[in-house]
Amino acid sequence: ALFILIQGYSYSQTPTKESFDQFNKSLNKIVNAYVGQFDTLKGARTDNNMQQEWFSKVNLAGCEKGKINLGLAMTHSEWKAEIIKTDNLKEAKKRFNEFSEVLNDCIYDCCKMERNNVSKDVESEDTYNIYSIWTINKFLKHKNEKLEDAAIYLDIRRLEDKSYLVSISIRSKKDSGQ
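If you're wondering where the values come from, they're calculated on a predicted model, not measured in any experiment. (Residues numbered from 1 in each chain as written. Predicted model: local features only at pLDDT ≥ 70, side-chain atom pairs only at ≥ 80, totals over all residues. Heavy atoms only, no water.)

Caption draft 1: Layout of the pairing of strand E7 (residues 150-158). By the criterion of burial, E7 is predominantly enclosed, with seven of the nine residues buried. Here strand E6 (residues 130-139) pairs with E7 via six bridges, running antiparallel. By the bridge assignment, Ile133 is partnered in E7 with Tyr153. Two strands pair when backbone bridges link them, and E7 and strand E8 (residues 164-172) are joined in this way by nine bridges, in the antiparallel orientation. Across the sheet, Arg157 pairs through a bridge with Leu165, a residue of E8. A loop of five residues connects E7 with E8, the two strands running antiparallel in sequence, and Lys162 in this loop sits at a positive phi of about 75°. (Buried < 20%, exposed > 50% of the residue type's maximum accessible area, 1.4 Å probe, protein only. Helix = DSSP H or I, 4+ residues; strand = E, 2+ residues; numbered from the N terminus. Pairing = 2+ DSSP bridges.)

Here it is as structure tokens:
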């Protein structure tokens, strides 16, 4: 089994306040950077020749290093990170559910976000294309039309090699592709 532990934070156990606060702070930085196409988070370029892509300077605990890209079919840059790649669908669903709980508990300094779209077959044993989407339902300060378009996607996809990839991304709610 593959275990991805966050320093001082295991999703299978009760998180410490400090580790959750750090995750929440990093997620806020990423969500807030959406307005500027994540330009403030762009680090070194990756070696991806298919599209413009950078490593993120801000990352989420429990995930691989985040990447920022602007794909050809996308209307806005995307911040994305892999959570786990596994051959075990139950493990993938477990990680998906753990991250869902953490995202539900996050507090954003710009707005209130809520999970408003979930695949219907999350509990079905053999279903593997699963997603949840969090979108802004209220601004705390002033309305920001650019930020209003942002969404957090959490998904499980089955890859060509029959493994399962759980990932998180922040992108336009208009870009529904995975």
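Past the structure itself, the notes keep going.
Caption draft 2: Looking closely at the environment of Asp155. Structurally, the position occupied by Asp155 is in strand E7. Overall, Asp155 belongs to the buried group, its relative accessible area being 1%. At a separation of 3.0 Å, a polar atom in the side chain of Asp155 contacts the side chain of Ser167. (Polar contact = N/O pair within 3.5 Å; in protein donor to acceptor, adjacent residues only side chain to side chain.)

Caption draft 3: Local environment of helix H2 (residues 89-105). Relative to the 24 Å expected for 17 residues at 1.5 Å per residue, H2 spans 25 Å between its end C-alpha atoms, a close match to the ideal helical length. Every buried residue belonging to H2 is among Leu89, Glu91, Ala92, Lys93, Arg95, Phe96, Glu98, Phe99, Ser100, Val102 and Leu103, and all of these are buried. Looking at the packing, one finds that the buried side of H2 touches helix H1 (17-33), strand E4 (78-86), strand E5 (111-118), E6, E7 and E8. The residue sitting at the N-terminus of H2 and contributing the capping side-chain oxygen is Asn88; that oxygen lies 2.8 Å from the backbone nitrogen of Lys90. (Expected span 1.5 Å × (residues − 1). Contact = heavy atoms within 4.5 Å.)

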